[in-house]
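# Geometric and topological summary
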Amino acid sequence: MFYTFMTRVVRPILWVLFRPRVIGGENVPDYGPIIVASNHLSFIDSFIIPLAIPRPVTYIAKADYFTGRGLKGRFVRWFLTNLGHVPVRRGAQRAAMGALEQAVDILDNSGAFAVYPEGTRSPDGRLYRGRTGLGWLVLASGARVLPVGLEGTEKIQPIGASLPRFFGPRPTVRIGPPMDFTHYDDLAPAKARRAITDEVVETIQKLSGQEYTGVYNDRADASTPPAG
């Protein structure tokens, strides 16, 4: 019921407010397990991507979002919980792996699960090296990866801004064809995790047009487990 409300009421409102350009929407599978992997420029990314993908998408979210106090804190917790978001605490390896295991359950039930391979938002608009939790998830689930390149979301809500700019610059969402990684089945797991992650990030870079740094983004508010 909540997701129906989101798609019929909230989604059209957000579409008018943000007016995203979607390129490659035909690449989104109608059904089956899929890992949505995107670059990360802004807090608003987790709202923009679901606008471009016409099926439920579950995210990993910082545990802090689920522990806020007051009316706003309760609303955020209710909102994220009803969307099926998975809380994870940055720096807690056991919690990170637990979140990835929940992601496997979602994918085993033909769901769509979204991750940011960089781990957190880019501080300067460049693309950072991917965390191999993505590769672990691919190997554990056997799901294909849907690469997404975002452009312009940092202009809607820059890091540090408490609210987005409605009716501001239009973001672009470029969606590539699903990526299959069965060709890594015979590779040692650690090497396969690294190779899968690097291949996905390279594809995201081609979609987003960002400069690639080749190093990890070590900002403290990472929102995707670094597992693996």
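What comes next is a walk through the structure. (Residues numbered from 1 in each chain as written. Predicted model: local features only at pLDDT ≥ 70, side-chain atom pairs only at ≥ 80, totals over all residues. Heavy atoms only, no water.)

## Points about the overall build of the protein chain
Per the secondary structure count, the protein chain includes 7 helices and 7 strands. Along the protein chain, helices (α) and strands (β) appear in the sequence α-β-β-α-β-α-β-α-β-α-β-α-β-α when read from the amino end. Classification of the 228 residues of the protein chain by burial places 49% in the buried group. For the protein chain, the share of sequence-separated contacts (at least 6 apart) that also reach a separation of at least 24 residues comes to 80%. Surface exposure of the protein chain reaches about 11100 Å², of which carbon and sulfur atoms provide 56%. (Helix = DSSP H or I, 4+ residues; strand = E, 2+ residues; numbered from the N terminus. Buried < 20%, exposed > 50% of the residue type's maximum accessible area, 1.4 Å probe, protein only. Contact = heavy atoms within 4.5 Å. Areas by Shrake-Rupley, 256 points an atom, 1.4 Å probe, with all protein chains shown as cover.)

## Here we look at the packing of aromatic side chains
In total, this model carries 4 aromatic pairs according to the counting rule given. Relative to F166, the ring of F18 has its centre 5.7 Å away and its plane inclined at 45°; by these criteria the two rings are tilted. Pair noted here: F18 is in helix α1 (residues 2-18) and F166 is in the loop between α6 (153-156) and β7 (172-175), with a separation of 148 residues, a long-range link. The exposure class of F166 is partly exposed, given its relative accessible area of 43%. Relative to Y184, the ring of F181 has its centre 6.2 Å away and its plane inclined at 15°; by these criteria the two rings are stacked. Residue classification places F181 among the buried residues on the basis of a relative accessible area of 5%. (Phe/Tyr/Trp six-rings, centres within 6.5 Å; stacked < 30°, edge-to-face > 60°.)

## Regarding the side chain of S141
Following the sequence through the fold, S141 ends up in helix α5 (residues 133-141). For S141, the side chain forms a polar contact with the main-chain nitrogen of A143, separated by 3.2 Å. Once you skip the residues sitting within four places of it in the chain, S141 turns out to touch I35 and L107. (Polar contact = N/O pair within 3.5 Å; in protein donor to acceptor, adjacent residues only side chain to side chain.)

## Focus on unusual backbone geometry
In this model, R19 sits at a positive phi of 50°, which is unusual for a non-glycine residue. As for its position among the elements, R19 is in the loop between α1 and β1 (21-23). Note on R19: relative accessible area 29%, which makes it partly exposed. We note that S110 has phi near 65°; this positive angle belongs to a residue other than glycine.

## Some points on the pairing of strand β2 (residues 34-38)
Most of β2 sits inside the fold, with 5 of its 5 residues counted as buried. In β2, alternate side chains face the same way, and those of I34, V36 and S38 on one face and I35 and A37 on the other are all buried. Alignment of β2 against strand β5 (residues 112-115), held across 4 bridges, turns out to be parallel. In the sheet register, I35 faces β5, and the bridge partner there is F113. Direction of pairing for β2 relative to strand β6 (residues 144-151): parallel, over a ladder of 5 bridges. (Pairing = 2+ DSSP bridges.)

## Re the pattern of salt bridges
For the coordinates displayed, the defined rule picks out 6 salt bridges. A salt bridge links D124 to R126, with the shortest nitrogen-to-oxygen separation between them at 3.0 Å. We classify D124 as partly exposed; its relative accessible area is 41%. Among the salt bridges present, the one from E151 reaches R174, with a minimum N-O distance of 2.7 Å. Here E151 is found in strand β6, whereas its partner R174 is found in strand β7, with 23 residues between them in sequence. A relative accessible area of 36% places E151 in the partly exposed class. Connected through salt bridges with shared partners, the residues D124, R126 and E211 form a single ionic network. (Salt bridge = Lys/Arg side-chain N within 4 Å of Asp/Glu carboxyl O.)

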